[in-house]
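Residues per chain are reported as follows:
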Amino acid sequence: MRMMIPSCAMDGAQAPFGTSRMRWTVQVVLVLLTCPVFCIADSATEEDPWPLQHSALGSDVLLRCAVPAGAAGVEWRVNGTSVATALDVLVATEDGLVLPNASLAQEGDYSCHHPASGEALRRIRLRLGLPPGKPAIECWAISYPQTVNCTWSLPADVHLDTEFIAMYRHGVWAKGGETECVQPAAGASSCSINDVQLFSITPYVLNITAVNPLGTATSLFPFIVEHIIRPDPPEDLQVSAIPSESKKLLLEWKPPGSWPLPEYFPLKYLIRYTRQGTGSPRTIGPYEQTSFILTGLRPGAIYHVQVAAKDLTDYGEYSAWSPQASGTPWKRR
Amino acid sequence: MIPAGGKWGPACLGPLGGDPDPWAPWRGGWEHPRVGVSWMPGFLREGMGAWMPGPPHPPRLPHAAGTLLLCLVLAQAAADPTANTIAQAYSLARLLQADATDLLQAYLSAQGPPFSAPGFAAPALGWAGVPGAALPFPAWRGLGDGERLRGNQVAYAAYEAFLAVVADDQAQLHPGRPQLLAHLARARARVRGLRASLGAVMAALGVVPGTGPPLVAMATANQASAFERKCRGYVVCREYRAWLGRTVRDLTLLRAKYLA
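Reading the values: the criteria
Residues numbered from 1 in each chain as written. Chains lettered and ligands numbered in written order. Predicted model: local features only at pLDDT ≥ 70, side-chain atom pairs only at ≥ 80, totals over all residues. Heavy atoms only, no water. Pairing = 2+ DSSP bridges. Helix = DSSP H or I, 4+ residues; strand = E, 2+ residues; numbered from the N terminus. Axes fitted to C-alpha atoms, helices over the stretch in contact; angles between N-to-C directions. Buried < 20%, exposed > 50% of the residue type's maximum accessible area, 1.4 Å probe, protein only. Parallel < 35°, antiparallel > 145°, perpendicular 65-115°, else oblique. Left-handed = near helix turned anticlockwise from the far one by under 90°. Nonpolar A, V, L, I, M, F, W, Y, C, P; charged D, E, K, R; others polar.

What follows is about the sheet that holds strand β22 (residues 303-311) of chain A. Residue and element names in this part refer to chain A. An order of β20-β19-β22-β23 is seen for the four strands of this open sheet, with the pairing classed as antiparallel. On the outer flanks of this sheet lie β20 (282-287) and β23 (325-327), each paired with one strand and no other. Between one strand axis and the next, the sheet turns through 25° on average, direction left out of account. Sheet topology places strand β19 (residues 267-275) next to β22; nine bridges connect them, and they run antiparallel. From the neighbouring strand, Arg272 faces β22, where its bridge partner is Gln306.

Bringing the sheet that holds strand β5 (residues 91-92) of chain A into the picture now. Either a parallel or an antiparallel arrangement is found when strands of a sheet pair, and the pairing is made through backbone hydrogen bonds. Residues and elements named next belong to chain A. Reading across the sheet, the three strands line up as β2-β6-β5 and stay open at both edges, with antiparallel pairing between neighbours. Here the strands that pair on one side only, and so sit at the sheet edges, are β2 (61-64) and β5. For β2 and strand β6 (residues 96-99), the ladder comprises four bridges, and the chain directions are antiparallel. Opposite Leu63, over in β6, you have Leu97 as the bridge partner.

Time to look at the pairing of β22(A). Remember that side chains alternate between the two faces of the sheet whenever the strand is regular. Residues and elements named next belong to chain A. Burial of β22 is extensive: nine of the nine residues sit out of reach of the surface. Pairing analysis gives three bridges linking β22 to β23, with the strands arranged antiparallel. Of the residues in β23, the one forming a bridge with His304 is Ser326.

For the rest of this paragraph, the subject is the packing of helix α2 (residues 81-111) of chain B against helix α6 (residues 226-259) of chain B. Residue and element names in this part refer to chain B. Contact pair α2 / α6: the axes reach a minimum separation of 8 Å and the direction vectors enclose 160°. Taken as axis vectors, α2 and α6 run roughly antiparallel relative to one another. The interaxial crossing formed by α2 with α6 has left-handed handedness. Its residues assigned to classes, the contact of α2 with α6 shows 20 nonpolar, eight polar and six charged.

By themselves, these are just geometric observations and shouldn't be taken as functional.
Right, here's the structure in full:
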């Protein structure tokens, strides 16, 4: 059975879910969406003694328990101890127990009992949380052209396990449908696209849907691969004195290990250096080589150096600055 | 400065200048503000999406210095003829790549709305016969030298013809824009230069030139409406720039392969 997540159907594209786990999640989600906020998502089976109820933090939570015939009311217990409703903020009504403006401290195992026999009529494990907000997505081609890596985060803590469905399509109106963006583990906040089209003016569109028992939220992130190229910082920066050269320093570094093909997709580098004690750094470059001789330096002074990398043909952005390395030019003794 | 010996063909073209060549190592450095603005994409809209064209703009040199640099580089590469031809073609492709971004912007500005809207892009728009550059990375990597170069040869033959069509269209649609027409003519001349350069690379590597598919009959080119012609010109300029991106990568690969 195929189901559509409404918020992803921007252009009528289908989002096929092939696994039964995902289908079950969608079914539960659709049931929840049609219920009022304090509705019970009763996923109990006969074997499960404490069926879960997920309700929204800050809402008035209703734990249903019908009063049995002939009884004046029901007795409520939470985590085994009796709930004294007269003293607490909890309100016992005909329908059940109401927790106004529910807070995280009120999570627990609730049970309602026959007042005379003490028999348990209903058990509910209450978990409180929030539906997810729209994820904030970032994608970068750190390892161009092999993969595109995407990460995302939820705007607020929802206190519930949230899964993410990560799919992408190439082209706004792609006929091929959506492909899965591979996550390293279920529930991870990252994924990678391994099938990269080069030289394409057509954007990719990444669709991240956050799903938890209280709701879903979708964000779309369109991008053109060449425009999100950003290598990791260069590695192994070394600053060395040059014998008998009192105003020079030799800098050497390596391209980032995550850049897969530096000989076919060369990088260019910016160098930023500061003399210890002065405030302002000086930035020079870009250069294609992975070494450079700084000149015009003060003998005996300490210099702090950093390097950044960018695709040579100028697509995308510069990397972050590398960790700092320091050195002093050779000084005549 | 004329380098001694060797055959330079179209390489040391005086007026081209402007693009610093990465073959020539920079000595002494120069202050350079951080380059490279990556624009976060705009929100998707129905129909014409608002995308950033994302120009890769290499820093520019004055004309004379650029030409001098080009000649210096070619002098360095004089010893090895294969490396020499690849170096020439690479330099030219880099030059054309920067110029193609300017051409696309100039073209869009001249067409009026909706093309002239800032950030205009219509990636779903195409035109039959205009060669597209896109291909999956493993396919690009696995191309043999022959296939790789013939792909370029066929594409630029088509672009030379299409740029002529676009120039004719623009002469009719916007006769009062001599700068755009000059830009298109310059692009066409440079494509001819690039084709010659690529031909030299093919000869140096012993690659047999292909015949390629027959060009779309240009007779039907005149049956398009004014709006369709503007669309066609946009597709040509956009795909031309994308192809130059591919050619630069192709030549970088060949340079790495044959320079060792």
